[in-house]
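Inside the fold
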Amino acid sequence: MVKEKENSKFPPLVDGKSQYDLTSGKYLRVWQGPQHPGITGNMSLELTICGDEIIDCKTHVGYLHRGFEKLMERRKYIQCFPVVCRICVPEPDFNEYLFAACTEELAGIQIPERAEWIRTLNLEMARLTSFLMWIGGQAGSFGMGTIGQWTVTLRDYMLDLFEELTGGRIYHMYMLPGGVRADFPPGWINKLLDTLKTVEKTLDDVELAMMHNAVFKMRAKGLGIITPDMVDKYGITGPNARAAGVARDIRKDSPYLVYDKLDFEIVTGTKSDAYGRCEVRIKEMYQSIDLIRQIVEKMPKEGPFFTKLPNVLHWRIPAGHTYKRAECTRGEYGFYVQSDGSDKPRRTYVRGPSYTHAVALMEHLAIRTNIADTAGLMVSLHTYPPEIER
Amino acid sequence: MTEFNELSRQFQISDLKEQRADLHFFHASKEHAVAVLTSLKEKYGYTHLVFFTVVDHLEKNEFHLTYMLHNYEKHHDMGVVVKIARENVQMESIHHLWPAAATYQQEIREMYGVEFPGSPGLYENFALEGWEDIPPMRRDFDTKEYSDKTYYPRPGRESHDPREYMKENLYPGEAETW
Amino acid sequence: MSLKDIIAPFSVWKRALEKPYTNRKPIETRPGADRYRGFHQNAIDQCIGCGTCEEICQNNAIDLVPLEGKTSSHGDSGLRPKIDYGRCCWCALCVDICPTGSLGMSNEYIWITTDPEDFRFIPGGESKPWDDRAEGYRRAEGYDLLEAERVEMPMLSFEESQKSFIEMVQGYSKEQAMEEADRCVACGICIATCPAHMDVPAYIEAIRNDDMGEGLKIVYNANPLPASCGRVCSHACEYVCAMKHKGEAISIRWLKRYIIDQIYLGDYKEILKSADESNGKKIAVIGSGPGGLSAAYYLRLLGYEITVFDANEKAGGMLRYGIPEYRLPYEQVDKDVEYIRQLGVTINQDLKIGVDRDFKSLYDEYDAIFFSTGLKDPYGLEIAGEDLPGVQSGLDILDEVTKGKTPDIGKSVVVVGGGNVAMDAARTSRRYGAEVTILYRRREVDMPADEEEIHESQGEGCKLVTQAIPLRVEKGDSTRLKLFFGMAEMVDQGEGQRPKPVLIEGSEEVIECDSVITAIGQEADYSFIPEEIGKNLVFNRGMVQINEFRQTGDSKIFAGGDIANRKRDAISAIADGHSAAKGIDIYLTNFKEK
Amino acid sequence: MLTSILTKALYTLISFFVILNYSLLLLGTMARVRAKVQGRIGQPVWQPYIDIIKNNARRSGVTHGIMFYLGPVFRLAGGLGTYFFIPVIFGSKIFANFSFSGDVLLVMYFIFFGQLGMALGAGESGHPYSPIGVARGLAQMTAFELPFSLAVIAVAAQYGSFSITEIVAAQQGGWQNWVAFTNPFAMAAGMLAFLGMSMNNPFSIVIAPQEIPIGPPTEMHSSFLGMLQTNRAIFNGAKMVLFMNLFFGGAAHPNIFIALGIMIMKTFLIYLYVVFVGVSFPRFRTEQSIRFFLGVPTLLGLIAVIQQMI
């Protein structure tokens, strides 16, 4: 946020909210979205602008509210499995993993070791894939379509891998309670490693053209600064917090799956503005590539990948509740599942990182930025609306 | 659990349950809940509000407000469950502790009808614009009934129960259960 | 800002020299991956229409609909899944759970038509270009949502079992029963095949819920002799079980037994519905076998006064006198009978109609008569020497054993026949220490006895000789008898007919033995029915002709059990009794002149 | 008199026809070049024809004010006006168009004119956000007009003429006579302004869908859009020819076809330069681009003018 200026142009702030009179003719109210290329998905920002500057921002969601949490109350545990992945389009695997993990914990199921490795591999691939989509959005939101075209292609290469492994490109529906659905197809690992090489090479090009770009720097530096003291206030997690120098990474802090067997460092930055967040994310992409290679190397080469479940048609899970979290590209992704002992979950709560980032934080950061930067700011927070309105 | 033991001397809290080594749940009374949360945040390092939600226990006529806090030093989660009756629900707001909580409270008011006096933007629409029915996340809101009422089923769909169908075809007149 | 920041961006032009990422005609050149989840395929003849896919579909995208050319038959509902692709989310859970493995997904994902209705079709039933596609999603090896193996039943070892009459099958523990019940997909295909149409999925669900009372109620709705049935039922249901297509059928019979074993007879009264107030009408039931008892039970529930007449010392008919104790302990028969008796049914033992009591007097005294007297007279071998001492019928042996006598069988026994009676006689003989050989005319696969009976009899040391036709019996030298038999070859009888054994001329072998036990079938004895009533009844190849209400040619007389149906097993008799009860009720309420 | 008017009209039509088709193909080609950098195969080169034909075949189902309909007409008029006063090929009667002694001033006016018409039209579209796009467009245009004008003034001062034909004539006789080499500061200022004029990155904020709420490009649909696309081709052609004439010696050869070849080569390179920068950079915000134009390019323009004064 720009430092409070004593400028008569801006209306006074009370409780962090601008006090303005729309009828004065000095202000214009503009809706950005829900159909807008500069918005990450179907949500909209109600912006009040004075000249080119935003003086008030209000996030509106609900355009794709499908009520997943409510839907799951009517579905058996196994039937929830195809539902959860739809909560987040670019990164569905985290939903699958967390739902499966919560269910397994409540039901007291231990999955085979190889399944854990495969899941980790899948999650890292999902992270990389999601980052590739984000980077295109970040470049595109500042008008650099070239980068976007490249990375979306790379994402498609990753999706090809997912398609071959899981049978689906976007919604993989692969990690279900008990393990995963299938083993690697023959030759898949080699293809994965080849694709990683391509991604790495192009990523070098992207970094050169984007992070060393005069215009990009002019646009991104100083945009939407998150200070370390805001992190807990707004519940900021993931690269948004790490770019501010707050070294928190669930993969390291409370390792899940096999992350404790992998060798990596938490990536941090010094200043969390749009540019700083880009830097962290690009480093994390390299990190993901490295992690995938480590996993391929270290994982057991064979073994079972699925544990027998009770008959899923009448599977009842003992009463109890639990919360599981994982580090997705945007920060902390969590599932809270409460079972009442029946065959359907009583309550599933999805804690998406975008919930805090795109609403409270975005509304705060947008104030006094240029209206043309809204898209760039929004993308730099890396938010996906379906997580907000599960 | 030292935090629990210390807090229980001061506040009405009970039913500590260890779900995992790094996840505990306990119940707090409605009156003391916000004070407990404040202590956890200020004194015990639970600075991160992971989420705040409601679980509807319709049969018991209770809402379980569930606050999840995380301690980044110890990497430990603490779930604070507050049971309140379902009618005319009001709860103290925690937006002064975490500004982000206002969003949670706004959503909870919309989805469950729990009021948080003083929370900013509480009465603004969150996801449901123009909603007139009862708060939809309550368990007494029947989504199936709502969708049957609101949308048209695709005509021409008809399914058969194998057992009924086989009965009709294979032993229509025979006695079975009566 | 450095000079690098201005120059570096132009590095993007490097890509202009490289091969483009895109394809020229993606639609033509890019098939889905081998595992792609595209449009469904269904092997329509392998599918049994069990509806498990419909059950698991979280989107309600699957309907079960009749398909032209498919009719309901035992083990096939005749329905096939029809998928609404407007709702399908391509999760493939239906493929994963399909018990027959008929459902799969092709890797085809492009299909264009202008009519939205086209996107609702029966995979495999309506021809589509991808029907024969080899690529596509299939359930992977090592991943399964259903359990193909049944929970092993604790049994006495063969060494143990052949020494005594202790029940061989020991019954499931609670955990085992719940685990086994959990395997059921609750499709209900078995209901049609069960002669009594018991609601199998419902009582299996009661086991899953650990609600034995509910289970007992469901069982008694269609079967008042469950303790016996849970042990010796011919379990036609298990042959059509959907899970049998995957591996082993659910142990339906033993799960039923499990329910009964959990509840004391004394508690039945509180759980089951009691009989209605007496309505003053009286019914006579002749024969206390499963048919008679079943009719008596259901009629009693409706408030009729029932008198059962039975020629034996104890009630139960063939359940008691035809089945050895190691398969069906007598106290289990007692449990079933006792509850029916407690309900207010009068059972007169040791009273033979036609000898001790005149059939005509019953006919006059009672409002209706149900008779289910069973097949009592064994067929003879019709060969020379069959009247020599030592040649006896299997039923007689079993009967004697039940009555507590030691049968006179000697040290070595030849059992002739391939049915359950033959197996029972053979195994009973083993328990008296005899060497046993079983002779059967056809092949092992043709044997009418239950699979496990054949298996167990061999396990207990009975020798099985198939395709053997007895020729004559002579007095033996060292042993009591010598049985001469010839070998047979199977001659094809054309389609739909089972092959017929024909004696190979000149082949002749001999076995020396002390006893020859014949168990090649029995026939009914209708001599107790007086001529004036008998002329109204119609008999066909030894069987009473009845209509769907089990009513005979005489409107007041109903019949059922082995004398009236060809299945000749306990559960069919029970079903007959039940239907007859319904028939009698309808008859007495609506048609009988007061 | 009549004959000469008719001949002139015929020549102008031929010239118009040639430049229209050339520009459309050039647009298609450049789209493919851009696609190549982005790792795609890209659209067919004749895609602009398809778009124009398709859009012109459609009719609007809604009505707006008269100004809305006139917007694209003004725009087209601006494009045509720009083109008709620029001699395409030096010394050719057919491609001389209506060149006269003060034509460079008129051309500069027409470059502005179309935008103004568009602004008025979009203003009446009823879309409340059009003003944002219009304001951005006009602000940025005003900014790049400054270095551009300075460059033109420097060139005019150098040759003492406001006639494009004369400016081209003065540059004949080899590449060393081109303004690009005789007056490099003017060329630099002009070419930087040209980046802004062609509304490619980094100066594309006016037409950027990401950074403004939906504006004129969506409002103008059907045949309006077709008209705008036609104009875009003509206007682009006109601008490139203008810059070729002003700074790169124009196109001149006794053989008309070789002269056309030279024109095509030069304009292609001029356009490629725009694309070259365009695909490599993101875009400036409005105030950033204004600052940019008022900075280095204006300075260069001033230096050029001062150089000529001295």
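Before reading further, recall that the structure is shown in the block above.
Residues numbered from 1 in each chain as written. Chains lettered and ligands numbered in written order. Predicted model: local features only at pLDDT ≥ 70, side-chain atom pairs only at ≥ 80, totals over all residues. Heavy atoms only, no water.

**A short note on the interface of chain A and chain C**
Where interface size is given, it is often the accessible area lost as the parts come together that is meant. Counting from both sides, the interface comprises 50 residues of chain A and, opposite them, 47 residues of chain C. A buried area of about 3,900 Å², summed over both sides, lies between chain A and chain C, and 53% of it is on carbon and sulfur atoms. In this structure, the connection of chain A to chain C is made through five salt bridges. Residue Lys201(A) pairs with Glu18(C) through a salt bridge whose shortest N-O separation is 3.8 Å. Here chain A and chain C share 27 residue pairs in polar contact (both at pLDDT 80 or more) between them. Within the residue set of the side of chain A that touches chain C, elements represented by two or more residues are helix 2 (77–84), helix 5 (145–166), helix 6 (188–211) and helix 7 (214–220) of chain A. Class assignment for the residues of the side of chain A that touches chain C results in 24 nonpolar, twelve polar and 14 charged. (Contact = heavy atoms within 4.5 Å. Buried area = accessible area lost by both parts, 1.4 Å probe. Salt bridge = Lys/Arg side-chain N within 4 Å of Asp/Glu carboxyl O. Polar contact = N/O pair within 3.5 Å; in protein donor to acceptor, adjacent residues only side chain to side chain. Helix = DSSP H or I, 4+ residues; strand = E, 2+ residues; numbered from the N terminus. Nonpolar A, V, L, I, M, F, W, Y, C, P; charged D, E, K, R; others polar.)

**Quick word on helix 1 (residues 2–10) of chain B**
All names here are of chain B. When we look at burial in helix 1, the residues that qualify are Glu 3, Phe 4 and Leu 7. Along the long axis of helix 1, the arc covered by the buried residues comes to 90°, so they all point the same way. Within helix 1, the exposed residues directed more than 90 degrees away from the buried face are Thr 2 and Arg 9. Structurally, helix 1 contributes buried residues whose contacts are with strand 1 (13–20), strand 2 (23–28), helix 2 (33–42) and strand 5 (76–85). (Buried < 20%, exposed > 50% of the residue type's maximum accessible area, 1.4 Å probe, protein only. Arc of directions from axis to C-beta.)

**Focus: the environment of Tyr440(C)**
Residues and elements named next belong to chain C. Along the chain, Tyr 440 turns up in strand 13 (residues 435–440). Among the residues examined, Tyr 440 registers a relative accessible area of 8% and is labelled buried. Each C-alpha atom, one on Tyr 440 and one on Val 416, is 6.1 Å from the other, the two residues being 24 residues apart in sequence. Ignoring any residue separated from it by four or fewer positions in sequence, one finds Tyr 440 in contact with Gly 417, Gly 418, Asp 446, Met 447, Pro 448, Val 465, Thr 466, Gln 467, Ala 468 and Arg 498.

**Concerning the interface of chain B and chain C**
Contacts between the two partners involve 21 residues from chain B and, on the opposite side, 44 residues from chain C. Linking chain B with chain C are nine residue pairs in polar contact (both at pLDDT 80 or more), by the criterion used here. A per-class count over the side of chain B that touches chain C returns eight nonpolar, six polar and seven charged.

**Some remarks on the sheet that holds strand 3 (residues 79–84) of chain C**
Residue and element names in this part refer to chain C. An order of 2-3-5 is seen for the three strands of this open sheet, with the pairing classed as antiparallel. Lying at the two open borders of the sheet, with one neighbouring strand each, are strand 2 (62–66) and strand 5 (120–121). The sheet contact formed by strand 2 and strand 3 spans five bridges and is antiparallel. Each residue of the ladder has a partner; that of Ile 62, found in strand 3, is Ile 83. (Pairing = 2+ DSSP bridges.)

**Structural notes on the pattern of salt bridges**
One pass over the structure, following the stated rule, counts 86 salt bridges over all chains. Between Arg472(C) and Glu508(C) there is a salt bridge, with its nearest N and O atoms 3.1 Å apart. Taken together, the residues Arg472(C) in strand 15 (residues 468–475) and Glu508(C) in the loop between strand 17 (500–503) and strand 18 (509–513) connect sequence positions 36 residues apart. Because the salt bridges share partners, they merge into one network encompassing Glu124(A), Arg127(A), Arg242(A), Asp249(A), Arg251(A), Glu284(A) and Glu327(A).

**Notes on the packing of helix 9 (residues 212–222) of chain C against helix 12 (residues 252–261) of chain C**
Residues and elements named next belong to chain C. Closest axis-to-axis distance for the helix 9/helix 12 pair is 9 Å, and the angle between their directions is 120°. Regarding the angle of helix 9 to helix 12, the classification is oblique. In this structure, helix 9 crosses over helix 12, and the sense of that crossing is left-handed. Seen from helix 9, the contacting residues are Met 212, Gly 215, Leu 216 and Val 219; seen from helix 12, they are Lys 256, Tyr 258, Ile 259 and Ile 260. Counted by class, the contact of helix 9 with helix 12 contains six nonpolar, one polar and one charged residues. (Axes fitted to C-alpha atoms, helices over the stretch in contact; angles between N-to-C directions. Parallel < 35°, antiparallel > 145°, perpendicular 65-115°, else oblique. Left-handed = near helix turned anticlockwise from the far one by under 90°.)

**Let's talk about the packing of aromatic side chains**
Think of a pair of aromatic rings as described by two things: how far the centres are apart, and how the planes are tilted against each other in angle. With the rule as written, the count across this model stands at 79 aromatic pairs over all chains. Ring geometry for Phe371(C) and Phe528(C): centres 5.8 Å apart, planes at 80°, overall edge-to-face. Of the two residues, Phe371(C) sits in strand 9 (residues 368–371) while Phe528(C) sits in the loop between strand 20 (522–524) and helix 21 (531–534), which places them 157 residues apart along the sequence. Accessibility expressed as a relative area gives 0% for Phe371(C), which makes it buried. On the basis of relative accessibility, which here comes to 12%, the residue Phe528(C) falls in the buried class. Put simply, the rings of Phe16(D), Phe74(D), Tyr83(D), Phe84(D), Phe85(D), Phe98(D), Phe100(D), Tyr109(D), Phe110(D) and Phe113(D) pair up and form one aromatic cluster. Seen from the ring of Tyr72(B), Arg248(A) lies directly overhead, with NZ or CZ sitting 3.5 Å from the centre. The aromatic ring of Phe484(C) is capped on one face by Arg472(C), whose charged end is 4.1 Å from the ring centroid. (Phe/Tyr/Trp six-rings, centres within 6.5 Å; stacked < 30°, edge-to-face > 60°. Lys NZ or Arg CZ within 6 Å of the ring centre and 35° of its normal.)

**Focus: the packing of helix 18 (residues 394–402) of chain C against helix 19 (residues 420–431) of chain C**
All names here are of chain C. Orientation of helix 18 relative to helix 19, taken along the N-to-C sense of each, is 50°, at an axis distance of 9 Å. With respect to their mutual orientation, helix 18 and helix 19 come out oblique. Of the two possible hands of crossing, helix 18 and helix 19 adopt the one that is left-handed. From helix 18, Gly 394, Leu 395, Leu 398 and Val 401 reach across to helix 19, where they touch Val 421, Asp 424, Ala 425 and Thr 428. Among the residues forming the contact of helix 18 with helix 19, the class breakdown is five nonpolar, two polar and one charged.

**Notes on the arrangement of the chains**
Ranking the five pairs of chains in contact by contact count places chains A and C at the top. What separates chain B from chain D at the closest point of their C-alpha atoms is a distance of 22 Å, and the two make no contact.

**Remarks on empty space enclosed by the protein**
Residues and elements named next belong to chain C. The full count for this structure, using the stated rule, is eleven cavities of 30 Å³ or more. There is about 170 Å³ of room inside the largest cavity. Taken together, 14 residues line the largest cavity, and the ones lying closest to its centre are Val 169, Arg 231, Arg 253, Arg 327 and Glu 456. Among the elements of the structure, helix 10 (226–232), helix 12 and helix 20 (451–459) are those that each provide at least two residues to the lining of the largest cavity. Per-class residue counts for the lining of the largest cavity are five nonpolar, no polar and nine charged. (1 Å grid on protein atoms, 1.4 Å probe; cavity = no way out; pocket = protein on both sides within 12 Å on 5 of 7 lines; lining within 4 Å. Points joined across faces, edges and corners; volume = space filled by probe spheres on them.)

**Digging into helix 3 (residues 66–84) of chain D**
When the terminal C-alpha atoms of helix 3 of chain D are compared, their 26 Å separation across 19 residues agrees well with the 27 Å that a helix rising 1.5 Å per residue should span. What helix 3 of chain D keeps buried is the set Met67(D), Phe68(D), Gly71(D), Pro72(D), Arg75(D), Leu76(D), Gly78(D), Gly79(D), Gly81(D), Thr82(D) and Tyr83(D). (Expected span 1.5 Å × (residues − 1).)

**Regarding the pairing of strand 5 (residues 53–60) of chain A**
Residues and elements named next belong to chain A. Of all eight residues in strand 5, eight are buried, a share of seventy percent or more. By the bridge criterion, seven bridges tie strand 4 (residues 44–50) to strand 5 in an arrangement that is antiparallel. Pairing of Cys 50 across the sheet is with Glu 53, part of strand 5. Following strand 4, the chain reverses through two residues before pairing antiparallel with strand 5; Gly 51 in that reversal takes a positive phi of roughly 65°.

**Quick look at the nonpolar core**
Residues Phe335(A), Leu40(B), Leu145(C), Phe148(D) and Phe247(D) are the most contacted members of the largest nonpolar core, which totals 368 residues. Per-element tally for this core: the top contributor is helix 4 (residues 113–141) of chain A, with twelve residues. The contact partners of Leu145(C), leaving out residues within four places of it in the chain, are Ile78(A), Leu176(A), Phe306(A), Pro310(A), Asn311(A), Val312(A), Ile56(C), Leu93(C), Asp96(C) and Ile97(C). (Core = buried A, V, L, I, M, F, W, Y, C linked by side-chain atoms within 4.5 Å.)

**Here we look at the environment of Ile236(A)**
Residues and elements named next belong to chain A. Within the element layout of this structure, Ile 236 appears in the loop between helix 8 (230–233) and helix 9 (239–242). Exposure remark for Ile 236: the relative accessible area of 1% places this residue in the buried category. Measuring from C-alpha to C-alpha, the distance between Ile 236 and Ile 226 comes to 9.2 Å, with ten residues separating the pair along the chain. Contact partners of Ile 236, with chain neighbours within four places excluded, come to Ile 226, Met 230, Val 231, Ala 241, His 357 and Leu 361.

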